[in-house]
Amino acid sequence: LRVIVGYQPHSGQDDHHGKLNAYGGDYEAQRHWMELTLHLPMGDWYWYDLEYWGLDYPPLTAYVSWLCGYFSDKLIGPESVALYTSRGYEDPTHKAYMRATVLVLDILVYISIVWLSTKVPNRNHTN
């Protein structure tokens, strides 16, 4: 289902709200969080430019943004997460990369849950 949804436009695609300093949608918010976690000191993550998609998720999510931003910089190119200049960046390869990160993270969470469920003793089962 996620792969099928991936063929559709992303939230806020091509939506500048009539000005260049504002850009709409979850795609841009996630891309921007990768950008700021990659380039700013950790102490600035939650205080940087709050009017433009300020980071407002818990720290674990910020670390995931940093990790995804690191690989975006290396695999897609530094222009995909360049601080200040990448706002509104909509490259098809980067769009595919971001959608792939969702699938990979979903699979990692699923595998972890399945593995843990096989390792936790069943309280209703007697040996």
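Computed from a predicted structure; not experimentally measured.

(A) Highlighting the overall build of the chain. Of the regular secondary structure elements, the chain holds four helices and zero strands. Counting from the amino terminus, helix and strand elements in the chain follow one another as α-α-α-α. By the burial criterion, 33% of the 127 residues in the chain qualify as buried. Taking the intrachain contacts of the chain between residues at least 6 apart in sequence as the baseline, contacts between residues at least 24 apart amount to 60%.

(B) Focus on the confidence of the model for the chain. For the chain, per-residue confidence averages 84 on the pLDDT scale, and residues scoring 70 or more make up 77% of the total. Highest mean pLDDT in the chain belongs to helix H3 (residues 59-75) (96); lowest belongs to helix H1 (residues 2-5) (66).

(C) Highlighting the packing of helix H2 (residues 26-39) against helix H4 (residues 92-119). The geometry of H2 relative to H4 is characterised by a closest axis approach of 12 Å and an angle of 85° between their N-to-C directions. It follows from the interaxial angle that H2 and H4 lie roughly perpendicular. Listed contacts from H4 to Tyr-27, Gln-30, Arg-31 and Met-34 of H2 are His-94, Lys-95 and Met-98. Looking at side-chain class alone, the contact of H2 with H4 contains three nonpolar, two polar and two charged residues.

The rules behind the values
Residues numbered from 1 in each chain as written. Predicted model: local features only at pLDDT ≥ 70, side-chain atom pairs only at ≥ 80, totals over all residues. Heavy atoms only, no water. Helix = DSSP H or I, 4+ residues; strand = E, 2+ residues; numbered from the N terminus. Buried < 20%, exposed > 50% of the residue type's maximum accessible area, 1.4 Å probe, protein only. Contact = heavy atoms within 4.5 Å. pLDDT = per-residue confidence, 0-100. Axes fitted to C-alpha atoms, helices over the stretch in contact; angles between N-to-C directions. Parallel < 35°, antiparallel > 145°, perpendicular 65-115°, else oblique. Nonpolar A, V, L, I, M, F, W, Y, C, P; charged D, E, K, R; others polar.

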